[in-house]
Structures are given as structure tokens and as C-alpha cells.
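Spelled out from the first residue to the last, the chains are:
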Amino acid sequence: MTVSRTICLGFLAVIAAGTLLLTFPISVSDGLWGWDHVIVALFTATSAVCVTGHIVVDTGTYFSTFGQLVILALIQVGGLGYMTATTFLLLLVGRRFSLRDKVAMQEALDRTGMQGLAQVIRSIIATTLIFEITGAFLLLFVFSPKYGLDRGLWLAIFHSVSAWNNAGFSLFADSLMSYQSSLLLNLVIPGLIIFGGIGYEVIFEMYLWLRDRLQRRPQQAILSLNFKVAVSTTLLLLLLGTVAFFLVELRNPQTLGSVDLSTELMAAWFQSVTPRTAGFNTIDIGKMTTAGLFITIALMFIGGSPGGTAGGIKTTTLRVLTSCTKAILYEREEVNLYARQIPLSLILKAVAVAVGSFATVVGMTILISLSDPEVNFIQILFEVVSAFATVGLSTGITAGLSTFAKLILVATMYIGRVGVLLFMAAILGDPKPSFVRFPEENLLVG
């Protein structure tokens, strides 16, 4: 039982428990049970644990309050990660960490060292609660005027937790399209999505930097390379995405063309944020232009930053690959970022992530195309990338797909959440050390 297998099996165990709870008659509004409900429960539990947001039924009407609570709990566990959640429970009961626990947490959090893991877990839980409670409080002003205090509070809590964990589950049938012109919602939900997907390490570093600035400490805080890359790439993608969506959907009367300028800008901003693996939408995705769908696919495939609740190949992977291209164009033998040289092992990992992710998307798209040939290719590709990047956006075809296609999406969401490299490592096991070195030889490339 390797560390990678422990993490993968842990997620499977949570999915299985969630599926079992959602199959209970108490979890659905009509209280009925059938084999179709088992597929719905499996799909929904996987989507919640993998913080994807893909749905085959309307969450707000199909599931009862108990079922919605189960989904919310699965989202929270999935967002924190299996190892983070279980380690926090170990801390609550006072159990000491074994070396195996520390190695598993190091792998799950993608940290270089094992020092201070208990404090890191406490900080992650505290940060999560602070953002989720703040988001729920602000969203209460959005929902309570229409739904009252009790219902408004539940809607605020559910959507705050879903947004922070980049899950994209909504209790409204049209996601958040009814609040397209709400300035507060278009600030709070994207804010939760961005901070939830940018990574805990970046948030901790940002907090320390702000603290030192406010206290006017003489020493100058040195920001890490991870912070610089994650923040700069995120801001660049948000800006480019907003401009791109505004331009390509401006003349589309079914999305942005029928609203005023301020609503157009807010909708373009929201649509630029949500492909960062969030899954909410304020415009009808199925009525977007082909260019808009391809832009969304590209943003979904990139995803958020490592160490957070987002999926995709991650912003840091993108920057490493683009820096490799820049190094080749400038005929350099080393890859540099912000006056720092990227180690070869990190470059190889970035290439492996990109290749593995591309292969997974291609393979799953082919399988669904074979099982549901009547569905448009761009819709299938959109669905697969959304599932793999744990986004949850859909053009509206999810519920109508065949059972086989839905199971393919379940597997895609799972692989995307645990990580393609971790999933492959769980299958292959720990590599055996080798001291054999082969002679070097060139070949034609490009």
C-alpha cells in the first residue's frame, strides 16, 4: 500500500460512502428508490467529492434537505482533500502522526518538507472556515431579501462552501443566471473561487506579507517563486479571459448581446473566473459561440494553482512549459523564471502532467463519442475537459448522455481530482531504483 494508493483509495472510500448515503430514500425529495437513482447518486457523489459540479439532476429539487447536507459535506471533504480531512480528525482525537502519515500529507499537499505539518493542517482548516463564513455572511444579503432569513441563510452557506471549494454546485436550476446583474454576488462568488483555487501556500504567504507591511517591519519579505508564478499567471488569465469573452460574445443575443454594458462586463468577468474549475455560470453555456466554448475549454484545461481546491494542469505547469519554449527560442540550455532556474525534475513533471492530461482527455472523448455518436463533438470535448479539470460547466447534455458515458465522466472526474500522475503512480506502484545509464544520442524533433 503505497502513499499514492492510500490517497486514491481514500477518495474512493469517501465516494462510496457518499453514494450509499445519497441512495437512501431520505436523501431524495420524493422518497422513492430505483436503479436510475443509484446512477444519479454515484454521479453526484463523485462530482461532489471531486469538487466538479457536474450534475444529471437538479440538486435543489431532486435532493431533500438531508441529501443536500450530504452533498455539502462531500464537497467540504473533497475540497480539503482526503488526507487533509483525515489528518484533521486525527488531530482532534489527539493521535500522533506516524512517519507514513507525514509522507502521505507531504504528497497530498505537494510540500518539500515534513516540518510543521500539524500547524499547516490547522491553518488550512482555519483559512477555510474564515473564507466560507465571510462568504456566507455577504451572500446572505443577496438571497435573504427574496427567500427570507432561514432559506436565505441555507442558500448563502451552500453556495459559499461550493464556491470556496471550486465545486460549482448550486441549488438553483439555472445556476446563478438569475443574479447576472447582482454586483455583490459577482464580487463574492468570484472572490471565493479565486482564493480557493490559488492555493493555501499563496494565501499564507500573502497574509505574512500584508502583516509585515502593516506592522512596518524593517525586513523586506521575500516572496517565493510559487507565489509570483501563481499570482501573476492567475491575474493574466483573468484579464485575458474577461476581454476575450466580452469580445466573442458581445454580439451574441443569447448570452451578452441582450443586456446592458455593466451586466456584459460582469458576465464576462464571471465567465472568465468560473472556468478556473468553479462550475457556476451566469450565462447559458449551451448558447455560447463556438469561439467562446473553445476559450472556456482552454481555461478549464489550465485550471487553478497547486495546493488549493482547483483542478486542471495548473497555472505553474503552464508557466514552466511556456518558459521551456522561451528558453528554446532564445537558445538557452536552462529554464528561468523570475531570476530563478527551474530544476530538470520539475520540467519533466510539468511535461508528464501535460501529456498525461492530454491523453486522458483524448481517450475519454473518444469513448464517449463512440457510445453517444449523436452528440456534437464540441459538446463532448467540453464535457470531458470540464470533468477532468473538475469544473462542472456543461452545455446541457450531461443528463441526456448514456449510462456508459456517465460512468466515463465519473472516471474522468476521479482521475482529474486525484491527479493524473498520482493515479498512474497508484497503478504502477513505487518505481524500482536503477543505476543504469544509457548513451546519449540526438534525434529530430519539431
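Up top is the structure.
Residues numbered from 1 in each chain as written. Predicted model: local features only at pLDDT ≥ 70, side-chain atom pairs only at ≥ 80, totals over all residues. Heavy atoms only, no water.

1. Here we look at the environment of Tyr62
Along the chain, Tyr62 turns up in helix H3 (residues 59–62). Residues Tyr62 and Gly31, 31 residues apart in the sequence, show an inter-C-alpha distance of 9.9 Å. The contacts of Tyr62, once residues within four sequence positions are left out, are Val28, Ser29, His37, Val40 and Val57. A polar atom in the side chain of Tyr62 sits 2.7 Å from the side chain of His37. (Helix = DSSP H or I, 4+ residues; strand = E, 2+ residues; numbered from the N terminus. Contact = heavy atoms within 4.5 Å. Polar contact = N/O pair within 3.5 Å; in protein donor to acceptor, adjacent residues only side chain to side chain.)

2. Details of a nonpolar patch on the surface
On the surface, Phe358, Val362, Ile366, Leu367, Leu370 and Phe404 cluster together into a nonpolar patch covering about 590 Å² of accessible area. Looking at the nonpolar patch element by element, the count peaks at five residues for helix H14 (residues 344–371). When you line up the elements, Phe358 lands in helix H14. Assessed through its relative accessible area of 56%, Phe358 is described here as exposed. (Patch = residues over 30% accessible without salt bridge, like charges linked within 9 Å, V, L, I, M, F, W, Y side chains within 5 Å. Areas by Shrake-Rupley, 256 points an atom, 1.4 Å probe, with all protein chains shown as cover. Salt bridge = Lys/Arg side-chain N within 4 Å of Asp/Glu carboxyl O. Buried < 20%, exposed > 50% of the residue type's maximum accessible area, 1.4 Å probe, protein only.)

3. Observations regarding the pattern of salt bridges
Side-chain pairs of opposite charge can arise where the charged atoms are in close proximity. In total, this model carries two salt bridges according to the counting rule given. Asp284 is paired through a salt bridge with Lys287; the nearest N and O atoms lie 3.9 Å apart. Given the relative accessible area of 39%, Lys287 is considered partly exposed.

4. Considerations on the side chain of Thr412
Within the element layout of this structure, Thr412 appears in helix H16 (residues 403–418). Note on Thr412: relative accessible area 0%, which makes it buried. Residues contacting Thr412, with those up to four places away along its chain left out, are Met364, Val384, Ala387 and Phe388.

5. A few points about the side chain of Ser160
Along the chain, Ser160 turns up in helix H7 (residues 117–164). A relative accessible area of 0% means that Ser160 is categorised as buried. A polar side-chain atom of Ser160 sits 2.7 Å from the main-chain carbonyl oxygen of Glu132. What Ser160 contacts, discounting residues up to four positions off in sequence, is Phe131, Glu132, Gly135, Ala136, Leu139 and Leu192.

6. Remarks on helix H4 (residues 65–80)
Under the 1.5 Å per step criterion, the end-to-end length of H4 is 23 Å for 16 residues, consistent within 8% with the ideal 22 Å. Buried residues of H4: Gly67, Gln68, Val70, Ile71, Leu72, Leu74, Ile75, Gln76, Gly78, Gly79 and Leu80, and no others. (Expected span 1.5 Å × (residues − 1).)

7. Some words on the nonpolar core
The biggest cluster of nonpolar side chains holds 108 residues, and the ones touching the most others in it are Ile71, Ile75, Leu139, Phe143, Leu185, Ile189 and Met300. The contact partners of Leu185, leaving out residues within four places of it in the chain, are Leu139, Val142, Phe143, Leu176, Tyr179, Pro190 and Phe270. Counting nine residues, the second largest nonpolar core, distinct from the first, contains Ala327, Leu337, Ile342 and Ala350. (Core = buried A, V, L, I, M, F, W, Y, C linked by side-chain atoms within 4.5 Å.)

8. Some points on the packing of aromatic side chains
In total, this model carries twelve aromatic pairs according to the counting rule given. Ring plane angle 45 degrees and centroid distance 5.7 Å describe the contact between Phe143 and Phe172, whose orientation is recorded as tilted. Remark: Phe172 occurs in the loop between H7 and helix H8 (183–198) and Phe143 occurs in helix H7; sequence separation between them is 29 residues. In this pair, the class of Phe143 matches that of Phe172, namely buried. On the basis of an interplanar angle of 35 degrees and a centroid distance of 6.4 Å, the ring pair of Tyr200 and Phe204 is categorised as tilted. Residue Tyr200 and its partner Phe204 are located together in helix H9 (residues 200–214), separated by four residues, close to a single helical turn. In textbook terms, an aromatic cluster arises when at least three aromatic residues are bridged by ring pairs, as seen for Phe131, Trp164, Phe195, Tyr200 and Phe204. Residue placement shows Arg332 over the ring face of Tyr330; its charged tip is 5.0 Å from the ring centre. (Phe/Tyr/Trp six-rings, centres within 6.5 Å; stacked < 30°, edge-to-face > 60°. Lys NZ or Arg CZ within 6 Å of the ring centre and 35° of its normal.)

9. Overview of the packing of helix H10 (residues 225–249) against helix H11 (residues 261–273)
Remark: H10 packs on H11, axes separated minimally by 8 Å, with the N-to-C direction vectors making an angle of 130 degrees. If you check the angle between H10 and H11, you find them oblique. The way H10 lies across H11 gives a crossing that is right-handed. Here H10 contributes Leu237, Leu238, Gly241, Thr242, Phe245 and Phe246 to the contact with H11, which in turn contributes Leu261, Glu264, Leu265, Ala268, Trp269, Gln271, Ser272 and Val273. Among the residues making up the contact of H10 with H11, the classes are represented as nine nonpolar, four polar and one charged. (Axes fitted to C-alpha atoms, helices over the stretch in contact; angles between N-to-C directions. Parallel < 35°, antiparallel > 145°, perpendicular 65-115°, else oblique. Left-handed = near helix turned anticlockwise from the far one by under 90°. Nonpolar A, V, L, I, M, F, W, Y, C, P; charged D, E, K, R; others polar.)

10. Looking at the environment of Leu337
Mapped onto the fold, Leu337 is located in strand S1 (residues 336–337). Given a relative accessible area of 6%, Leu337 falls into the buried group. Note: C-alpha distance between Leu337 and Ser323 (14 residues apart in sequence) is 7.1 Å.

11. A short note on helix H1 (residues 3–22)
Compared with an ideal rise of 1.5 Å per residue, which puts 20 residues at 28 Å, H1 spans 29 Å between its outermost C-alpha atoms and is within 8% of the ideal. Listing the buried residues of H1 in full gives Val3, Ser4, Ile7, Cys8, Gly10, Phe11, Val14, Ile15, Gly18, Thr19 and Leu22.

12. Some points on unusual backbone geometry
Unusually for a residue other than glycine, Val51 sits at a positive phi of about 45 degrees. When you line up the elements, Val51 lands in the loop between helix H2 (35–49) and H3.

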